[in-house]
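Structural description and commentary
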Amino acid sequence: NMKNVKMLLIFIITSTLLLASEQRVNSLGGNVGYWPDDDNSWTAFPHTINNSNLAQISGVGSADAHNAIVRWGDDTKWGFSWNQANENDMVNLQWGKNGMGATVGFSMSSSDNGAGTATSSMGLSGSWGQQMGFGDLGVSFNFGTADDGNSGTTNDPAYMGLSFNLRRAQDLWLFDNMLVGFSYGSANTTDITYQETMMSLTTSLFTHIDISDGTTGLVAMGFGFANVANADETENATSMAVHLPSYTFAVESAMTDWATCRAGINAGYVLMSSTNTGVSGANDVSESGGMDTDFSVGLGFNYGSFNLDVDVNEGLFTNPVQHVTGYQSIAPAGATATLTYVW
């Protein structure tokens, strides 16, 4: 159905990222690959770790979803990152030198309730990137296993993921750059025979437009494919979608020398989709047509010594007086902010 197709579009848009990008990119369409200058570019292309020294705290305003990064160095960059939600992480290390960049993460946990039930888990992640003669290249992997302590379990929880990103200069029609992303992931997460696999492939052409002094636009157009399969002992559910063309349009504009407004649009025409519930005797349900569209807005503030990026409510733009004067909050429910120091 169209709800599944929309979820697949979201997966297509975000699956090329190693980690979720923060407020700036989220408000500009969500794909950090289109913004080489962004301080989260390392999540898709780790060699951009070399671009700056950085201290950043994101998730400000949330109860338990804070992230932090610190990275410094001249010829060689060293950095560490922390994620409040991943309480079993032992280390997340960043390194950059001579145009290369890499990250590695390791997590581990164990417990014993004293009554004969012991659980444990282990996870490993890594990424590598370099600027090659043919363009920017970034690859990543992650996997993990766990013992849930249930001796009758046929499959203990486990997961595995791979991703590949390529960005290069490519003059074609209206565009001057190309971005390609591939992602594959699998997981079994219950105490019965169950596995979920996901795969996506995206290819797009994009260009940045100097609209005016202090205002930059992004136009991207391409192709997206995503497939999700869920299998257990009785059912084999599948969902597949092809979006052609898929679009991203975004504008970033300096309102003053200390405030920047951002807006983004993601859209994808459903060229073909197919779903099957996996119930015995169920048929594939195919659809085509329709446009899945998502909008996003955000604000950035330059305080001299640091930058602040925040989520904002669209009401700020449709009823600015009420929001600016404090009668209504500019932030949507669950909004967070990111503080960044770059030197």
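Structure first, text after, so check above.
Residues numbered from 1 in each chain as written. Predicted model: local features only at pLDDT ≥ 70, side-chain atom pairs only at ≥ 80, totals over all residues. Heavy atoms only, no water.

Considerations on the overall build of the protein
In terms of regular secondary structure, the protein is built from four helices and 17 strands. Viewed in the frame of its principal axes, the protein has a C-alpha envelope of about 65 × 55 × 50 Å. For the protein, the proportion of its 343 residues judged to be buried stands at 40%. Considering only residue pairs separated by 6 or more positions, the protein has 51% of its internal contacts joining residues 24 or more positions apart. Per element, the accessible surface of the protein, about 17400 Å² overall, is 58% carbon and sulfur. Here the protein holds 9 positive side-chain charges and 32 negative ones, and the gap between their average locations is 11 Å. (Helix = DSSP H or I, 4+ residues; strand = E, 2+ residues; numbered from the N terminus. Buried < 20%, exposed > 50% of the residue type's maximum accessible area, 1.4 Å probe, protein only. Contact = heavy atoms within 4.5 Å. Areas by Shrake-Rupley, 256 points an atom, 1.4 Å probe, with all protein chains shown as cover. Lys, Arg positive; Asp, Glu negative; His and termini not counted. Charge placed at Lys NZ, Arg CZ, Asp CG, Glu CD.)

Digging into the pairing of strand E9 (residues 175-188)
For a regular strand, the rule is simple: side chains alternate between the two faces of the sheet. Burial of E9 is extensive: ten of the 14 residues sit out of reach of the surface. Sheet analysis places strand E8 (residues 158-172) next to E9, joined by 13 bridges and oriented antiparallel. Of the residues in E9, the one forming a bridge with Leu166 is Val180. Between E8 and E9, which pair antiparallel in sequence order, lie two residues; one of them, Trp173, sits at a positive phi of approximately 55 degrees. Note that E9 and strand E10 (residues 195-212) share eleven bridges and pair antiparallel. Residue Gly181 lies in a different strand from E10, and its bridge partner there is Thr202. (Pairing = 2+ DSSP bridges.)

Observations regarding the pairing of strand E2 (residues 67-72)
By the bridge criterion, five bridges tie strand E1 (residues 54-60) to E2 in an arrangement that is antiparallel. Paired with Gln56 across the two strands is Ile69, which belongs to E2. Between the end of E1 and the start of E2, which pair antiparallel, lie six residues, with Gly61 showing a positive phi angle near 105 degrees.

Focus on a nonpolar patch on the surface
A contiguous nonpolar patch, built from Trp72, Trp78, Phe80, Trp82, Met90, Val91, Met108, Tyr341 and Trp343 and spanning about 980 Å² of accessible area, is present on the exposed surface. Listed by contribution, the elements that provide at least two residues to the nonpolar patch are strand E3 (76-83) and strand E4 (89-97). With three residues, E3 is the largest single contributor of residues to the nonpolar patch. Checked against the element boundaries, Trp343 lands in the segment after strand E17 (337-342). (Patch = residues over 30% accessible without salt bridge, like charges linked within 9 Å, V, L, I, M, F, W, Y side chains within 5 Å. Salt bridge = Lys/Arg side-chain N within 4 Å of Asp/Glu carboxyl O.)

Brief notes about the packing of aromatic side chains
Scanning the model with the defined rule gives nine aromatic pairs in all. Members of the aromatic cluster, joined through ring pairs, are Trp258, Phe301, Tyr303, Phe306 and Tyr341. (Phe/Tyr/Trp six-rings, centres within 6.5 Å; stacked < 30°, edge-to-face > 60°.)

Some points on unusual backbone geometry
With omega at -5 degrees, the peptide bond leading from Leu244 into Pro245 counts as cis. Residue placement: Pro245 occurs in strand E12 (residues 236-254). With a phi angle near 55 degrees, Trp173 is a residue other than glycine that sits in the positive phi range. Within the secondary structure, Trp173 sits in the loop between E8 and E9.

Let's talk about the nonpolar core
If you look at the biggest cluster of nonpolar residues, it comprises twelve residues: Val25, Leu28, Val32, Tyr34, Trp35, Ala44, Phe45, Leu179, Phe206, Leu218, Ala220 and Ala250. Core analysis: the next-biggest nonpolar cluster, separate from the first, contains nine residues, Leu299, Phe301, Leu308 and Ala337 among them. (Core = buried A, V, L, I, M, F, W, Y, C linked by side-chain atoms within 4.5 Å.)

Concerning the side chain of Thr48
Tracing the chain through its elements places Thr48 in the loop between helix H2 (23-26) and E1. By relative accessible area, Thr48 is classed as buried at 9%. Within polar-contact distance, the side chain of Thr48 engages the backbone nitrogen of Trp42 at 3.0 Å. Polar side-chain contacts of Thr48 include one of 2.8 Å to the backbone oxygen of Phe45. Thr48 has contacts with Ser41 and Trp42, leaving out every residue within four places of it along the chain. (Polar contact = N/O pair within 3.5 Å; in protein donor to acceptor, adjacent residues only side chain to side chain.)

Digging into the pattern of salt bridges
Taken as a whole and judged by the stated rule, the model has six salt bridges. The partner of Asp38 in a salt bridge is Arg24, and the shortest N-O contact between them spans 2.9 Å. Taken together, the positions of Asp38 in the loop between H2 and E1 and Arg24 in helix H2 put the pair 14 residues apart, joining distant regions of the chain. Each member of the pair, Asp38 together with Arg24, is buried. The structure contains a network of salt bridges with shared partners spanning Arg24, Asp37, Asp38, Glu252, Arg262 and Asp309.

Description of the environment of Cys261
For Cys261, the position within the fold is in strand E13 (residues 259-276). Discounting residues that sit within four places of it in the chain, Cys261 has contacts with Val251, Glu252, Ser253, Met255, Gly298, Leu299 and Phe317.

Don't take any of this as a statement about function, it's just geometry.
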